[in-house]
Every structure is written in structure tokens, then in C-alpha cells.
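# A structural walkthrough
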Amino acid sequence: MNYVDVLVTLTSLIEVAFVALVLPMNPTLFRLLRIGKLARALRMVTMTSVLSSLQLLIKCLSASLDMLFWTFCLLTFLQCVAGMVVSTLCREYVNDLNQDLSKREEVYRYYGTFSRTFLTMFEILFANWSPPCRALVDHVSEWFSLFFLVYRCIIGFAVRLGGSEAKVHGHSPYACCLSALAVP
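Given the structure is predicted, the values throughout are model-derived calculations rather than measurements. (Residues numbered from 1 in each chain as written. Predicted model: local features only at pLDDT ≥ 70, side-chain atom pairs only at ≥ 80, totals over all residues. Heavy atoms only, no water.)

All right, on to the side chain of Thr 76 then. With respect to the element layout, Thr 76 can be found in helix H5 (residues 65-95). With a relative accessible area of 18%, Thr 76 lands in the buried category. Separated by 2.7 Å, the side chain of Thr 76 and the backbone oxygen of Phe 72 make a polar contact. (Helix = DSSP H or I, 4+ residues; strand = E, 2+ residues; numbered from the N terminus. Buried < 20%, exposed > 50% of the residue type's maximum accessible area, 1.4 Å probe, protein only. Polar contact = N/O pair within 3.5 Å; in protein donor to acceptor, adjacent residues only side chain to side chain.)

Printed below as a string of C-alpha cells:
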């Protein structure tokens, strides 16, 4: 980590000394590398028995990384599939020149491209799902209300129940943490 400090200091000195010199990278990025020094502080946490609750929290988070990764992968896959279905169903409406332009733009804003649809599907599951849902229900078809209710219930409950099921079958990261802390 001392080498990182030296590198950051040197790039900062070069930037200050030669204001006209254009570096190939932004020196601020090198300054951000210093955040890695916080890892030393986390090692100190394991040495202190006073912070046992923080130690438990850190162990639980590190034990749950595997489950978090696979949950994220599964959710991303399901979001992509559902998004592609909705986007395909909306394409005809967005391209229809007989429809009102402002309504088509609203639908396009949520479902016009893959990246917009992908973001909208995450928003529907985790945030305010009413505006994207209303854009389709009000302008395209009322049948989308059924799609969104089923989508929210199945995906949302599957995520919540999947975590509960993992705990029941002994795959809970917290059980690993507690057993790790029980050993002196």
C-alpha cells in the first residue's frame, strides 16, 4: 500500500508542477486507490474483541457473497427475459404512426430500447412500479396489468421465499457465521 501512496503522490506532484501537462489518466483515479488502505482497518476489527458485533456482521456479509452473486445472476436473467417479452409486445405500438406521439414517446421512454427496458424491469420489481405499468396499461393494453401483477408476485415472492428456504435447509450464511464465531 505504500507503493500506491507513492504513486498517488507522484502523479499529484506532476499534475501540480506541470499544469499544462496532460496526463493520460485522471490523477483523481489514483487518489481513489487510497481507499484500499481501509482494508487495513478492517483487519484491525478482527483483532479487537470489543467490536464483536461488527466482526459478526463482517463475517455474515462475507459468507453471504456467494448467495448474493447467484441471486443477482438469476434476477438479472429473469429481468432480461421479462423485459424482452414486454419490449417485443410494445414495439408495434411504438412504431405505429397512427397513435399519439406523446403517448408513444412515454412508452418508448420506458420500453424503447433494451437498456431502458432492463432498467424499467428493475424499477418495477424494486421501486415505484406504477408509472411504467400505467404507461402500458393506459396506452397499449389493459392486459399488461395482469402481466405486471403476476410478474411482481412471482419474482418478488420468489426472491423473498428463496432466501427463507435457504435458511430452512441450512444454507444460511448466518448459520455459517454463528458456527464460525462459536469456535474459539
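Next up on the list: the packing of aromatic side chains. Under the counting rule described, the total for this entry stands at seven aromatic pairs. With 5.9 Å between their ring centres and 15° between their planes, Phe 114 and Phe 118 make a pair best called stacked. One end of the pair is Phe 114 and the other is Phe 118, both in helix H7 (residues 114-126) and four residues apart, which spans about a single turn. Exposure remark for Phe 114: the relative accessible area of 49% places this residue in the partly exposed category. For Phe 118, a relative accessible area of 24% gives the class partly exposed. Taking 5.1 Å as the distance between ring centres and 80° as the angle between the ring planes, the aromatic pair formed by Phe 118 and Phe 122 counts as edge-to-face. Of this pair, Phe 118 and Phe 122 both sit in helix H7, four residues apart, which is roughly one turn of the helix. (Phe/Tyr/Trp six-rings, centres within 6.5 Å; stacked < 30°, edge-to-face > 60°.)

So, on to the nonpolar core. Counting residues in each nonpolar core, the largest one holds 20 residues, and the members touching the most others are Cys 90, Val 107, Tyr 111, Leu 136, Phe 144, Phe 148 and Tyr 151. Looking at this core, the elements with two or more residues in it are H5, helix H6 (101-111), H7, helix H8 (130-139) and helix H9 (144-168). Looking at which element gives the most residues to this core, the answer is H5, with six residues. Look past the residues within four positions of Phe 144 in its chain and what remains in contact with it is Val 86, Leu 89, Cys 90, Leu 136 and Val 137. (Core = buried A, V, L, I, M, F, W, Y, C linked by side-chain atoms within 4.5 Å. Contact = heavy atoms within 4.5 Å.)

Running from N to C, H6 and H8 point in directions that differ by 140°, and their axes come no closer than 10 Å. Compared by their axis directions, H6 and H8 come out oblique. Both H6 and H8 take part in a crossing whose hand is left-handed. Contacts between H6 and H8 involve Lys 103, Glu 106, Val 107, Tyr 110 and Tyr 111 on the former and, on the latter, Pro 131, Pro 132, Cys 133, Ala 135, Leu 136 and His 139. In the contact of H6 with H8, the residues fall into eight nonpolar, one polar and two charged. (Axes fitted to C-alpha atoms, helices over the stretch in contact; angles between N-to-C directions. Parallel < 35°, antiparallel > 145°, perpendicular 65-115°, else oblique. Left-handed = near helix turned anticlockwise from the far one by under 90°. Nonpolar A, V, L, I, M, F, W, Y, C, P; charged D, E, K, R; others polar.)

Before going further, it helps to spend a moment on H6. Considered for burial, the residues of H6 that qualify are Arg 104, Val 107, Tyr 110 and Tyr 111. End-on view of H6: buried residues confined to an arc of 130°, all on one side of the axis. (Arc of directions from axis to C-beta.)

With that out of the way, let us pick up the packing of H5 against H6. At a closest axis distance of 10 Å, the pairing of H5 and H6 adopts a crossing angle of 155°. As summarised for this structure, H5 and H6 are arranged roughly antiparallel, according to the angle between their axes. Seen from above, H5 lies across H6 with left-handed handedness. Along its contact with H5, which presents Val 86, Ser 87, Cys 90, Tyr 93 and Val 94, the element H6 presents Lys 103, Arg 104, Val 107, Tyr 108 and Tyr 111. Partitioning the contact of H5 with H6 into residue classes produces seven nonpolar, one polar and two charged.

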